[in-house]
Amino acid sequence: MQGLVIKSTGSWYQVETEDGTVLDCRIKGIFRTKDIKTTNPIAVGDRVEIELEPDQDTGIINKLKERKNYIIRKSVNLSKQAQIIAANLDQALLVVTLASPRTSLGFVDRFLVTAEAYDVPAGIIFNKLDLFSDEGLEILAEYEEIYTSIGYPCYEVSALEGTNLEQITDVLKDKVTLISGHSGVGKSTLINKLIPEIELKTGEVSEWSDKGQHTTTFAEMHPLPQGGYLIDTPGIRELGVIDIEKQELGHFFPEMRQLMNQCRFNNCRHINEPGCAVVEAVNEGSINLSRYESYLSIYHGNDTRS
Ligand SMILES: Nc1nc2c(ncn2[C@@H]2O[C@H](COP(=O)(O)OP(=O)(O)OP(=O)(O)O)[C@@H](O)[C@H]2O)c(=O)[nH]1
Ligand SMILES: [Zn+2]
């Protein structure tokens, strides 16, 4: 039988089978992830094969299907080990606001770079539309132009007043979506509007491993009324811990990626090299300056830029 892992406690997994039943399952056999050492073999979003236990009430996961992508969190106390937070994401959406509080473009760009590095399509939800003055709406239009021209879809909503939420409903339909955003942007308000019954299901689960170490909460996939799942994460940290080689960074800016092969040197860092097509595009205005500043900031490791 095939199934989708929708909840994990680290030792038990809830697997939704094709007919919609949810079975508690455990793992049999050894599951390894290529290239990295992981603390958990299976994560939410994983597609698995299961067989029923003789009692028929529970199942055994005996095969893990290949993942199209996955996001990880580095383990704090076990070096070189990572926890897989979720697998097979269809998209990642970042909720941002231009006021109370203001999300910096540097923060947005870090999120987008990480999504690119994980190979997860990303989009941006501008929330609190009801607070925007005319001037605010102009800035919003500018920002949207920056990101839509690169290929990141943008949405404008007011979670509080329910404005344009049907657009988000459509975007989420039948997809597995990670939703992120820093504190205060209205992510909880939005999720509660999208999944009215979710408030019943929240509540922190934290596990203690047998070594007495505190392990972080496992992600949960919340089923959406229109089909699909939402994975809620507390913030960019979840999506921001990946190691990116400096030399690779430009690849995760799509507008730079498509110009890089025109740089004079094939090891161009796009900083001050002669004949750099990226810097030329920045000077011409075809690459947005704030995007390029984010590139430099990440390149130089200024992680505190806000
Ligand atoms: N004006 C306005 N306020 C909003 C909107 N959405 C949320 N808020 C308010 O913004 C504040 C923060 O909203 P939350 O939903 O708690 O934000 P959050 O992103 O989940 O933040 P944390 O709970 O800290 O993780 C609350 O006072 C909400 O009522 C909106 O569309 N317009
Ligand atoms: Zn260059």
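For clarity, every value in this text was computed on a predicted model and none was experimentally measured.

Overview of the sheet that holds strand β7 (residues 70–74)
Link 1 in the chain: Within the open sheet, the 3 strands sit side by side as β4-β8-β7. Their pairing is mixed. Among the strands making up the open sheet, the edge pair consists of β4 (37–38) and β7.
Link 2 in the chain: By the bridge criterion, 2 bridges tie β4 to strand β8 (residues 81–87) in an arrangement that is parallel. Looking across to β8, one finds that Lys37 is bridged to Gln81.

Concerning the UniProt feature "binding site: Zn(2+)" (unreviewed entry) in the protein
Link 1 in the chain: According to UniProt, the feature "binding site: Zn(2+)" (unreviewed entry) maps to Cys263, Cys268, His270 and Cys276 in the numbering used here.
Link 2 in the chain: Topologically, Cys263 is positioned in the loop between α6 (254–257) and α7 (277–284).
Link 3 in the chain: Assignment of secondary structure puts Cys276 in the loop between α6 and α7.
Link 4 in the chain: Apart from residues no more than four positions distant in its own chain, Cys276 is found in contact with Cys263, Cys268 and His270.

A few points about the domain arrangement of the protein
Link 1 in the chain: In terms of domains, the protein is made up of domain 1 (2–71), domain 2 (89–239) and domain 3 (246–299).
Link 2 in the chain: If you look at the interface, domain 2 gives 10 residues, while domain 3 gives 10 residues.
Link 3 in the chain: Of all the secondary structure elements, the ones that give two or more residues to the side of domain 2 that touches domain 3 are α1 (105–118) and α2 (134–150).
Link 4 in the chain: In terms of residue count, α1 provides more of the side of domain 2 that touches domain 3 than any other element does, 7 residues in total.
Link 5 in the chain: Classifying every residue of the side of domain 2 that touches domain 3 gives 5 nonpolar, 2 polar and 3 charged.

A short note on the pairing of β8
Link 1 in the chain: The element β8 is largely enclosed, with a buried count of 6 among its 7 residues.
Link 2 in the chain: When β7 meets β8, the two strands line up antiparallel, connected through 5 bridges. Residue pairing for β8: Tyr70 is matched across the bridge by Ala87.

Conventions and cut-offs
Numbering of residues starts from 1 in every chain and runs along the sequence as written. Chain labels run from A onward and ligand labels from 1 onward, assigned in the order the entries are written. Where totals are concerned, whole chains, interfaces and linings use all residues; where local detail is concerned, this predicted model gives features only for residues with pLDDT of at least 70, and gives and counts side-chain atom pairs only at 80 or more. Only strands that DSSP links by at least two bridges are regarded as paired with each other. Secondary structure elements are defined from DSSP: runs of H or I of at least 4 residues count as helices, runs of E of at least 2 residues count as strands, and each element is numbered from the N terminus. UniProt positions are given in the numbering used here, feature names are shortened, and annotations may be inferred rather than shown by experiment. Whether two residues are in contact is decided by their C-beta atoms, placed from the backbone, lying within 7 Å. Each domain's limits were defined by an automated method or a database of domain assignments. Just so you know the grouping, Ala, Val, Leu, Ile, Met, Phe, Trp, Tyr, Cys and Pro go in nonpolar, Asp, Glu, Lys and Arg go in charged, and all remaining residues, Gly too, go in polar. Each residue is classed by its C-beta neighbour count within 10 Å, where at least 20 other C-beta atoms makes it buried, 12 or fewer makes it exposed, and intermediate counts make it partly exposed; the C-beta atoms are placed from backbone geometry.

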